[in-house]
Amino acid sequence: MWTFTEDVAEYAAAAEPFLLADPVRNTVPLTVLANIREGMAVEGAVFGWWTSRGEVRGAVFRTPPRALVLADMPVEAAAALAEEYAGEIPILVGPRAAVDAACAALGRSGEVRAERLYRLGALKPPGTPGRGRVATAGDFPLMVTWMDAFGAEVRMDVGDTVEAATRRLAQRDLVVWEADGVPVSLAGVSPAMGGVCRIGPVYTPPACRGHGYGSAVTAYASRMALDERGDEVVLFTDLANPTSNAIYQAIGYEPVGDYAHVTLAGSS
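All of the points below concern the structure found in this document. (Residues numbered from 1 in each chain as written. Predicted model: local features only at pLDDT ≥ 70, side-chain atom pairs only at ≥ 80, totals over all residues. Heavy atoms only, no water.)

For the rest of this paragraph, the subject is the overall build of the protein. Each helix and strand counted, the protein has 8 helices and 12 strands in total. For 268 residues, the compact-globule estimate of 2.2 N^0.38 gives 18 Å, and the C-alpha radius of gyration of the protein, at 18 Å, lies within 12% of that figure. Taken over 268 residues, the protein has a buried fraction of 52%. Across the protein, the fraction of contacts at a sequence separation of at least 24, relative to all contacts at a separation of at least 6, is 69%. When the 22 positive and 32 negative side-chain charges of the protein are each reduced to one mean point, those points stand 5 Å apart. (Helix = DSSP H or I, 4+ residues; strand = E, 2+ residues; numbered from the N terminus. Rg over C-alpha atoms; globule rule 2.2 N^0.38 Å. Buried < 20%, exposed > 50% of the residue type's maximum accessible area, 1.4 Å probe, protein only. Contact = heavy atoms within 4.5 Å. Lys, Arg positive; Asp, Glu negative; His and termini not counted. Charge placed at Lys NZ, Arg CZ, Asp CG, Glu CD.)

See the structure below:
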């Protein structure tokens, strides 16, 4: 049975222990929960959890106008979600099996972006010339520009980038790689939840690509995450981009599981 609420505290009380039982696979819902606690705006948000035999075994949330995000859950929970969730579902995001089950139950299909979740094994910094540093308030205009560019390039709704850059700079969640003293690449580092940090977004402007800056900034962000925040580090890749999958594996990331981002047909 699914239960839905607009009260994030009620949702956390019911679903957070379940999410924390596997903080790697549930990194997205846990990170969003952490960001809400740090002040991220969530007007109109809805949260839900699935109970079977008296135990929470699934969770979901949506912060409009963004996607409906599924935690790791049994396929029967995802199928029931399609029947019991009354809100709009323009986009589904989550573990591939759960997303596929929800789409099948909805009787809807759409454009699929296949993704893969990776977990850091032994970090292998690439030795790229330059240096990494935490982004500061002086980087604010560049961070907004690059976050907007990232969203446009991957065709993803990244929300209010001015608000996100302001909040993430204050939390020391953004790092840059510099070459000859000039920022050339960006990586985000999430707050730790259940000992797990997530890297993202990672963005290098087109004019700066081909020099290893994306690998370097990701390795720097990963090292900072391990030193200052958590015990494990994860990130997502677009499986249609073989370059990013290869460079992340080269610096020590190992595949965990497949995920999907599905824009359902007929959604605006």
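For helix 3 (residues 75-84), the full list of buried residues reads A77, A78, A80, L81 and A82. Looking at the buried positions of helix 3, the neighbouring elements they touch are strand 1 (2-5), strand 2 (46-52), strand 3 (55-62), strand 4 (68-70) and helix 4 (96-106).

This model, assessed by the stated rule, comprises 15 salt bridges. A salt bridge links D139 to R133, with the nearest nitrogen and oxygen atoms 2.8 Å apart. Given a relative accessible area of 8%, D139 falls into the buried group. Relative accessible area serves as the criterion here: at 15%, R133 is assigned to the buried category. A salt bridge links E228 to R172, with the shortest nitrogen-to-oxygen separation between them at 3.0 Å. Pair noted here: E228 is in helix 7 (residues 213-228) and R172 is in the loop between helix 6 (161-170) and strand 8 (174-179), with a separation of 56 residues, a long-range link. A single network of salt bridges, built from pairs that share partners, joins R131, R133, D139 and E178. (Salt bridge = Lys/Arg side-chain N within 4 Å of Asp/Glu carboxyl O.)

Let us look at the nonpolar core. Ranked by internal contacts, the top residues of the largest apolar core, which has 25 residues, are V175, I199 and Y253. Of all elements in the fold, only strand 6 (110-120), strand 8, strand 9 (182-189), strand 10 (196-203), helix 7 and strand 11 (232-238) reach the threshold of two or more residues within this core. Sorting elements by how many residues they give to this core places helix 7 first, with 7 residues. Those residues in contact with V175, other than ones at most four positions away along the chain, are R133, V134, A135, S185, L186, A187, V217, Y220, A221 and M224. If you look at the next biggest cluster of nonpolar residues, it comprises 23 residues, including A34, V56, F61 and A67. (Core = buried A, V, L, I, M, F, W, Y, C linked by side-chain atoms within 4.5 Å.)

Between helix 3 and helix 4, the least distance of the axes is 8 Å, while the angle of their chain directions is 35°. Here helix 3 runs over helix 4; the crossing is right-handed. For the pair helix 3 and helix 4, contact is made by V75, A78, A79 and A82 and by A97, A98, A101, A102, A105 and L106, respectively. Broken down by class, the residue content of the contact of helix 3 with helix 4 amounts to 10 nonpolar, no polar and no charged. (Axes fitted to C-alpha atoms, helices over the stretch in contact; angles between N-to-C directions. Left-handed = near helix turned anticlockwise from the far one by under 90°. Nonpolar A, V, L, I, M, F, W, Y, C, P; charged D, E, K, R; others polar.)

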